[in-house]
Structure formats: C-alpha cells, structure tokens
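Structure at a glance
Okay, here's what each chain looks like letter by letter:
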Amino acid sequence: MDLVSLLSRPEGKTLEFKRDLSSPEGALKTIVSFANTSGGALLIGIEDGARGVKGVPNVLKEEERLANLIADNISPKLVPSIEVIAWRKTHVLGVEIYPSSSRPHHLNRLGPEEGVFVRVGSTNRRADPVLIEEMRRFSQVSSLDEQPIPELNSEAIDFRAASEYFRPIRKLTRHELETLRLVTTYQGRIVPTIGGVLLFGADRLDRYPDAWIQAGRFAGNDRRRIMDTTEVRSYLPGAAEEVIAFLQKHMTREAVIGSVKRTEVWTYPVVAVREAIMNAIVHADYAQRGAPIRVALFDDRLEIENPGLLPFGLTIDDIQKGISKLRNRVIGRVFQELGLIEQWGSGIQRMTASCRDRGLDAPHFEEIGTHFRVTLSAVARSAPAKDARDEMILAVLSENAEAGLSTSQIAERLELSPRATRTRLISLVERGLIVEIGSGPQDPHRRYHPATRPH
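These remarks concern the structure in this document.

Criteria and thresholds
- Residues numbered from 1 in each chain as written.
- Predicted model: local features only at pLDDT ≥ 70, side-chain atom pairs only at ≥ 80, totals over all residues.
- Heavy atoms only, no water.
- Helix = DSSP H or I, 4+ residues; strand = E, 2+ residues; numbered from the N terminus.
- Buried < 20%, exposed > 50% of the residue type's maximum accessible area, 1.4 Å probe, protein only.
- Contact = heavy atoms within 4.5 Å.
- Areas by Shrake-Rupley, 256 points an atom, 1.4 Å probe, with all protein chains shown as cover.
- Lys, Arg positive; Asp, Glu negative; His and termini not counted.
- Charge placed at Lys NZ, Arg CZ, Asp CG, Glu CD.
- Pairing = 2+ DSSP bridges.
- Axes fitted to C-alpha atoms, helices over the stretch in contact; angles between N-to-C directions.
- Expected span 1.5 Å × (residues − 1).
- Arc of directions from axis to C-beta.
- Salt bridge = Lys/Arg side-chain N within 4 Å of Asp/Glu carboxyl O.
- Polar contact = N/O pair within 3.5 Å; in protein donor to acceptor, adjacent residues only side chain to side chain.
- Parallel < 35°, antiparallel > 145°, perpendicular 65-115°, else oblique.
- Nonpolar A, V, L, I, M, F, W, Y, C, P; charged D, E, K, R; others polar.

**Re the overall build of the protein**
Looking only at helices and strands, the protein has 17 helices and 20 strands in total. Judged by the C-alpha coordinates and their principal axes, the protein covers about 80 × 65 × 50 Å. Looking at the protein residue by residue over its 455 residues, the buried ones come to 49%. Long-range pairs, those at least 24 residues apart, make up 65% of the contacts in the protein between residues at least 6 apart in sequence. For the protein, the computed accessible surface area is about 21,700 Å², with 49% contributed by carbon and sulfur atoms. Measuring between centres, the 61 positive side-chain charges of the protein sit 1 Å from its 60 negative side-chain charges.

Encoded structure:
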C-alpha cells in the first residue's frame with residue numbers, strides 16, 4: 001500500500017481510517033461493507049478526522065489479533081490482505097479487502113439477516129432484505145429481470161406493443177421473445193421473465209407499482225414549490241422521450257441565429273439528458289418498493305435519481321472511466337437492440353463530454369441512501385469547447401455563410417469520411433455553434449451555416 005497516496009485522499013466508499021482497535025466492531029463492519037460492495041482499504045493507526053498518523057503499538061501483536069477477529073467474527077470466511085506499513089518512527093496496519101464473490105458476508109454476532117452491511121459513501125449501512133437478495137443473485141451470476149414468473153403465462157407479455165417498438169428495426173417474432181429473455185422455459189412451460197413484464201407486461205404496474213417515472217419542475221433551487229409535474233407510466237422503451245418532452249417544455253432556451261434561420265439551444269445537452277434517463281431506467285433496482293425513478297428540474301440543475309446503488313464491485317471512479325456492469329440484463333439487451341443505448345460503459349463518458357463541450361460542469365454522480373443520482377448543472381463555466389477540427393469546420397462554413405454547405409461538401413474539404421463529419425456536425429449543432437437547415441437527416445438539400453447569438 002502507498003500510505004502517502006492514501007493519506008492524501010478523504011474517507012469514502014473504498015477508504016476508511018481508524019485510530020485503533022479498542023472497539024473492533026467498527027473495523028469489522030467496515031471490512032464486511034467493503035467485501036459486500038466494491039472492496040477498499042482500512043488503515044489502522046490514523047486519526048479519521050485530521051488524518052494524523054498515530055501508529056499502532058505492538059503492531060505484530062495487533063496484526064495477529066486483527067486476523068483472528070476477522071476469522072472468528074465474519075461469515076462466510078474472508079481472507080483480506082493485512083500489511084504492516086512503516087511510517088517514520090511508528091507503524092500502521094493496512095487491510096486491503098477485495099470485492100467478494102461469496103456475498104453477502106455478515107457479522108456472526110448479528111446473524112445473516114441483521115449483520116450484513118454495505119458501503120454507501122464514507123458510511124457503513126445495514127443492508128435490508130431486498131439488498132441482501134440482490135447480493136445473492138449477483139453471486140449466482142443472475143440478474144433480477146432474468147428470473148421467471150411461474151404463476152403467469154406468455155400472454156402476460158403485450159406482444160403487439162413489443163412489435164411496435166421493434167418495427168423500425170425488424171419484424172419481431174414470438175420465437176424471439178425467448179431469445180430476448182422476455183419469456184423463458186420453466187418446468188416445461190413458457191412463462192414471462194421479470195424483465196419481460198417490466199418492459200412489455202400488460203399489467204406490469206399491478207405487479208411492479210414503482211416501475212414508472214415521476215418528473216417535476218420546481219421553482220427556484222429547492223423543492224419547496226412545484227410548478228408542474230407528470231407521471232410517465234407508459235412502457236419503459238418509450239418513457240425517456242416522454243420525460244424529455246416534459247423537460248423541454250420547461251427548460252430555458254437560448255436563441256441561436258444562422259444566416260437564414262433562427263433555432264434554439266436547450267439549457268442542457270439533450271444527449272446528456274437522454275443518457276442519464278436511459279441509464280436510470282436500465283440500472284434501476286425494481287425490487288425496491290416505494291420509490292419510482294425521479295427527475296427533478298430546478299433553476300440551476302437537473303437531477304435524475306433511480307432506486308438502487310451502483311452494482312456490486314463498482315465505484316463512481318470506475319463508471320467515469322467507462323467500466324460498467326449491467327444490473328438488468330434483459331432490459332439492457334432490449335434497449336441496445338432498439339438502439340436506445342450504445343455499448344456498455346460509453347454513456348457516462350458521452351454524457352460528460354456533451355456537458356463539457358457546452359461549457360457546463362461535468363455531471364455529478366452520487367449514492368444517496370439506497371439510490372443513485374446524476375446531477376447536471378445549468379451554470380456555464382466557459383465558452384463551448386472547440387478543437388482543431390471544429391475550428392476548421394467553422395472556418396469553412398464562415399467562407400460560405402450565405403449558401404451553407406452540405407455534409408459531403410464539408411467532408412470533401414476537410415478530407416474526412418462523411419460519417420465522421422456528420423458526428424462532428426451533430427455535436428456543433430448541439431452546442432449552438434452552427435445551424436442545420438433542412439427537413440430532416442435524409443433531406444438531400446440539408447445545409448449547415450455558422451451561428452450567431454443575439455445581443
């Protein structure tokens with residue numbers, strides 16, 4: 001362990017400091033929490049507030065005592081790495097705990113129901129029965145939405161609705177319901193999966209009453225006064241667009257004027273809003289009760305919150321690096337097939353890039369209680385970002401401001417592929433730097449013009 005590096009960090013999801021082992025249960029709860037969640041490092045001999053190194057007297061004796069405490073008080077058995085770290089004239093005990101494949105671990109004194117803890121931020125929280133059950137499923141390499149519902153038959157799936165969503169892509173056959181895991185074979189019968197019912201269940205809200213989205217527009221920067229609200233209870237693949245339409249009704253817009261047309265840029269990049277809502281739907285823990293997905297629009301920010309912590313083994317740092325684990329495999333696969341999400345792990349980075357390109361802060365991610373929240377800020381910190389290729393496109397368009405240029409004309413002048421050029425142009429339109437004139441993506445007369453903002 002690199003003690004200098006660890007001391008430079010605050011306590012959090014994967015790091016905790018303890019002064020000593022005079023009250024060992026706190027350290028044991030932390031070890032259980034790390035093993036059940038995303039792993040972590042526990043340093044003993046450090047003041048947890050000021051992070052001053054006090055050291056551990058009789059460090060070898062304390063090392064043996066700690067190893068015995070872990071062996072005698074935690075089940076299933078854990079074997080973390082315990083290291084004696086020299087620090088100036090004293091020593092620190094470092095315990096490195098890895099995410100365990102034998103979850104859920106518990107404290108023997110409290111038992112397997114009351115003694116299971118998870119890490120939320122810098123705190124250890126007792127896991128409720130729903131979270132304990134999710135740990136067991138995770139250990140069995142199975143997700144909630146893959147589970148069969150034996151008491152229902154395949155008619156519980158609204159095949160006509162599913163076919164409508166797939167129509168732009170391909171004709172959906174009843175056989176494909178099983179390939180997509182919307183239904184499965186259980187004791188010789190075809191029955192729906194939980195994912196199938198959540199996505200296309202005719203009576204899905206009777207069985208999962210919280211599988212919907214609540215959206216609200218609040219006055220000011222807190223929740224004291226609500227101006228408008230909506231409840232989106234339609235099938236999950238169509239829910240995100242309904243929420244976006246509600247938000248666009250209330251988001252402020254900035255006028256951007258091209259040479260022949262006035263257009264508008266929304267407060268938040270639509271790419272980021274859509275990604276955040278899609279992630280909330282795909283990664284929500286639908287086993288939790290009492291809380292739907294919530295979207296709250298304030299004057300200074302947009303919050304998207306779903307029930308469920310990050311999947312076990314993941315940290316916020318991980319997801320920002322593009323590391324992803326799917327909580328709901330059936331929902332995720334269907335959303336990917338429908339083109340609603342792209343490859344795993346790319347959404348967070350796309351969300352962050354679109355915000356920074358607009359001069360906004362990067363999205364803020366946090367675990368709150370047993371929920372996960374994404375916050376997009378409306379506060380512009382800088383001018384929209386432009387790289388060298390963007391500057392080249394803007395220069396070419398400035399030379400042809402009146403007539404505008406097509407995608408192919410811009411691609412030819414910059415010696416880029418039409419696809420790469422189109423990606424660039426979409427981003428520039430989204431940032432309000434250029435204006436697109438045309439009836440749609442297939443319009444052969446579509447042209448791009450430089451944008452100016454009114455004074």
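On we go from here.
**Examining the sheet that holds strand β12 (residues 226–232)**
The strand order across the open sheet built from 6 strands is β12-β11-β15-β16-β18-β17, with neighbouring strands paired in mixed fashion. Among the strands making up the open sheet, the edge pair consists of β12 and β17 (364–368). Strand-to-strand twist in this sheet, taken as the mean axis angle between neighbours without regard to direction, amounts to 15 degrees. Strand direction decides the pairing type here: strand β11 (residues 213–218) and β12, joined by 6 bridges, are antiparallel. By the bridge assignment, Gly-216 is partnered in β12 with Thr-229.

**Regarding the pairing of β17**
Here β17 shows one buried face, formed by Phe-365 and Glu-367, and one open face, formed by His-364, Glu-366 and Ile-368. Strand direction decides the pairing type here: β17 and strand β18 (residues 371–377), joined by 5 bridges, are antiparallel. If you follow Phe-365 over to β18, its bridge partner there is Val-374. Connecting the antiparallel pair β17 and β18 is a turn made up of 2 residues, with Gly-369 showing a positive phi of about 60 degrees.

**What about helix α15 (residues 388–399)?**
Compared with the 16 Å implied by 1.5 Å per residue over 12 residues, the 17 Å span of α15 between its first and last C-alpha is a close match. Every buried residue of α15 is accounted for by Asp-390, Ile-393, Leu-394, Val-396 and Leu-397. The buried residues of α15 occupy one face: seen down the axis, they fall within an arc of 160 degrees. Those residues of α15 that are exposed and aimed more than 90 degrees away from the buried face are Ala-388 and Glu-399. Residues of α15 that are buried make contact with α16 (407–414), α17 (418–430), β19 (434–437) and β20 (447–450).

**What about the side chain of Arg-103?**
By the element assignment, Arg-103 lies in the loop between β5 (90–97) and β6 (106–107). No salt bridge forms around the buried Arg-103; measuring N to O, its nearest opposite-charge neighbour Glu-134 is 9.8 Å away. Of the polar contacts made by the side chain of Arg-103, one reaches the backbone oxygen of Asn-36; its length is 2.9 Å. Reaching out from Arg-103, the side chain makes a polar contact with the backbone oxygen of Ser-100 at a distance of 2.9 Å. Residues in contact with Arg-103, not counting those within four places in the same chain, are Ala-35, Asn-36, Thr-37, Met-135, Phe-138, Ser-139, Phe-312 and Gly-313.

**Notes on the sheet that holds strand β1 (residues 15–18)**
Strands sit in the order β1-β2-β5-β4 across an open sheet of 4 strands; the sheet is mixed. Because the sheet does not close on itself, it has two edges, and the strands there are β1 and β4 (81–87). In this sheet, neighbouring strand axes are inclined to one another by 20 degrees on average, regardless of whether the strands run parallel or antiparallel. Alignment of strand β2 (residues 40–44) against β5, held across 5 bridges, turns out to be antiparallel. Note on β5: the bridge partner recorded for Ala-41 is Glu-96.

**Some remarks on the packing of α16 against α17**
Direction vectors running N to C along α16 and α17 enclose 110 degrees, while the axes themselves pass 9 Å from each other. Taken together, α16 and α17 sit at an angle that is classed as roughly perpendicular. Touching Thr-407, Ile-410 and Ala-411 of α16 are Pro-418, Thr-421, Arg-422 and Leu-425, all from α17. Its residues placed into classes, the contact of α16 with α17 shows 4 nonpolar, 2 polar and 1 charged.

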